[in-house]
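Report on the structure
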2 protein chains.
Amino acid sequence: MNRVASRVATFLIITLLAPLACQSKLDDKETLLQVDRDFARATASRGVDGWISYFAEDGMMLPEGAPPIRGREAIRSLMASFFAVPGNSLEWEPRWSEISRSGDLGYTIGTSVSTSVDSAGQPVSKKGKYLTVWRKMEDGNWRVAADIGNEGSE
Amino acid sequence: MNRVASRVATFLIITLLAPLACQSKLDDKETLLQVDRDFARATASRGVDGWISYFAEDGMMLPEGAPPIRGREAIRSLMASFFAVPGNSLEWEPRWSEISRSGDLGYTIGTSVSTSVDSAGQPVSKKGKYLTVWRKMEDGNWRVAADIGNEGSE
């Protein structure tokens, strides 16, 4: 292959591959929204077990009204009593996501509804919003590196 | 250079460069903590102007008790009245950071103190914590992609 043909071939390869790279980034953003929806479903069906299964081993949770905590077992200790009450629930829906060029770090933002059964047995719901940072693990799974929420949403 | 010498040279280059790559990642983590400290200083000295100067043009703020807002001007509108009151302040100190392999997305976590002057003229301080996601812009500056905080810290 002569030099010109080689350059043309290189140009064609780059031109053909560039849209694939962009597509991959879009797919990853959608992937992260889907992972967050799966996280919500796992929590709805399996309570505290579902909740902690999506955290990285060293993941952090920044709970309203309490200090930051790190690690699955610490997070289980904090959240077990909430999920143990029948009728208590934590539901959310991701709305936005962004991902790093390297595809190993990203975040989702969404709105949430936390429902607690009060002392009279009545469910009390609070609307909120959250920011979750996701890290892609070596096994290819996305896990929560950090999670925080606060009250108030539309 | 024969094939063996070439492989030895390749091995040496990789061995020598790998620690530099790791060092660079550590430097970036420290960079992000420093950027967040600079953000705090800019806000302490310039109020709402300092606050919004560190947000990306499309940056999001998830304020306690209100819906998510996007963009510098919307954030200015929300925060201007808070910073306009003499004695009101928002101070914070980053404690942890993580950054993507590509070095274009990262986050900081830290503790904060929000001080508001009440109707009797007395300062009331609330301790909190926050999660800020940072995006490296094309000009090399890190800017806030998303910011959220809630009450409670050590």
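The shown structure was predicted, so the numbers you read here are calculated from the model rather than taken from an experiment.

Time to look at the packing of aromatic side chains. Here the structure, examined in full by the defined rule, presents 20 aromatic pairs over all chains. Note on Phe39(B) and Trp92(B): the rings are 4.7 Å apart at their centroids and 70 degrees apart in plane angle, and the pair reads as edge-to-face. Residue Phe39(B) is located in helix H1 (residues 3–53), and its partner Trp92(B) is located in strand E3 (residues 89–99); the two are separated by 53 residues in the primary sequence. The class for Trp92(B) is buried, based on a relative accessible area of 11%. Through a chain of ring-to-ring contacts, three or more aromatic side chains come together here, namely Phe39(A), Trp51(A), Tyr54(A), Phe55(A), Phe82(A), Phe83(A), Trp92(A), Tyr130(A) and Trp134(A). The ring of Tyr54(B) has Arg143(B) sitting right over it, with the charged end atom 5.1 Å from the ring centre.

Below, the discussion takes up the environment of Trp51(A). Residue and element names in this part refer to chain A. Assignment of secondary structure puts Trp 51 in helix H1 (residues 3–53). Since its relative accessible area comes to 4%, Trp 51 is described here as buried. Between the alpha carbons of Trp 51 and Thr 108 there is a distance of 16 Å; along the sequence they are 57 residues apart. Excluding residues that lie within four positions of it along the chain, Trp 51 makes contacts with Phe 39, Thr 43, Met 61, Ile 75, Met 79, Phe 83, Leu 90, Trp 92 and Asp 147.

A separate point is the environment of Gly110(B). Residues and elements named next belong to chain B. Topologically, Gly 110 is positioned in strand E4 (residues 105–117). Overall, Gly 110 belongs to the buried group, its relative accessible area being 0%. Placed 20 residues apart in sequence, Gly 110 and Leu 90 show a C-alpha to C-alpha distance of 13 Å. Contact partners of Gly 110, with chain neighbours within four places excluded, come to Glu 93, Pro 94, Arg 95, Gly 128, Lys 129 and Tyr 130.

All names here are of chain A. One open sheet accounts for six strands, arranged E2-E1-E6-E5-E4-E3; its pairing is mixed. Two strands lie at the open edges of the sheet, namely strand E2 (69–70) and strand E3 (89–99), each paired on one side alone. Inspection of the sheet shows strand E1 (residues 55–62) paired to E2 by two bridges, in the antiparallel sense. The residue bridging Met 61 from the neighbouring strand is Ile 69, located in E2. Helix H2 (residues 72–84) contacts E1, E2, E3, strand E4 (105–117) and strand E6 (142–151) of the sheet and is inclined by roughly 55 degrees relative to E1.

Residue and element names in this part refer to chain B. In space, the six strands of this open sheet follow the order E2-E1-E6-E5-E4-E3, with mixed pairing throughout. The open sheet terminates on both sides in strands that have one partner only, identified here as strand E2 (69–70) and E3. With nine bridges connecting them, strand E5 (residues 123–136) and strand E6 (residues 142–151) associate as antiparallel partners. Within E6, the residue paired with Gly 128 across the bridge is Glu 151. Sitting on the sheet, helix H2 (residues 72–84) touches strand E1 (55–62), E2, E3, E4 and E6, and the angle it makes with E1 is about 55 degrees.

Time to look at the side chain of Ser153(B). In this fold, Ser153(B) is placed in the segment after E6. Owing to a relative accessible area of 19%, Ser153(B) belongs among the buried residues under this scheme. If near-sequence neighbours (up to four positions away) are discounted, Ser153(B) is found in contact with Ala66(A), Pro67(A), Thr111(B), Lys127(B) and Gly128(B).

Taken together, the 34 residues of chain A in the interface contact 34 residues of chain B. Across the chain A to chain B interface the summed buried area is about 2800 Å²; carbon plus sulfur atoms make up 67%. Inspection of the region where chain A meets chain B yields four salt bridges. A salt bridge links Glu98(B) to Arg135(A); the nearest nitrogen and oxygen atoms lie 2.6 Å apart. Linking chain A with chain B are 17 residue pairs in polar contact (both at pLDDT 80 or more), by the criterion used here. In terms of residue count, the dominant contributor to the side of chain A that touches chain B is E6(A) (six residues). For the side of chain A that touches chain B, the per-class residue count stands at 17 nonpolar, eight polar and nine charged.

Our next topic: the relation of the copies chain A and chain B. The transform that puts chain A on chain B rotates by 180 degrees and translates by 0.1 Å along the axis, for an RMSD of 0.3 Å. What the rotation and shift describe, once combined, is the action of a two-fold rotation axis. If distances are taken from each C-alpha of chain A to the rotation axis, the shortest is found for Ser102(A), at 2.4 Å. Both copies contact each other with a shared surface, as 100% of the interface residues of chain A are interface residues in chain B too.

Reading guide: rules and limits
- Residues numbered from 1 in each chain as written.
- Chains lettered and ligands numbered in written order.
- Predicted model: local features only at pLDDT ≥ 70, side-chain atom pairs only at ≥ 80, totals over all residues.
- Heavy atoms only, no water.
- Phe/Tyr/Trp six-rings, centres within 6.5 Å; stacked < 30°, edge-to-face > 60°.
- Helix = DSSP H or I, 4+ residues; strand = E, 2+ residues; numbered from the N terminus.
- Buried < 20%, exposed > 50% of the residue type's maximum accessible area, 1.4 Å probe, protein only.
- Lys NZ or Arg CZ within 6 Å of the ring centre and 35° of its normal.
- Contact = heavy atoms within 4.5 Å.
- Pairing = 2+ DSSP bridges.
- Axes fitted to C-alpha atoms, helices over the stretch in contact; angles between N-to-C directions.
- Buried area = accessible area lost by both parts, 1.4 Å probe.
- Salt bridge = Lys/Arg side-chain N within 4 Å of Asp/Glu carboxyl O.
- Polar contact = N/O pair within 3.5 Å; in protein donor to acceptor, adjacent residues only side chain to side chain.
- Nonpolar A, V, L, I, M, F, W, Y, C, P; charged D, E, K, R; others polar.
- Least-squares fit on C-alpha atoms with pLDDT ≥ 70 in both.

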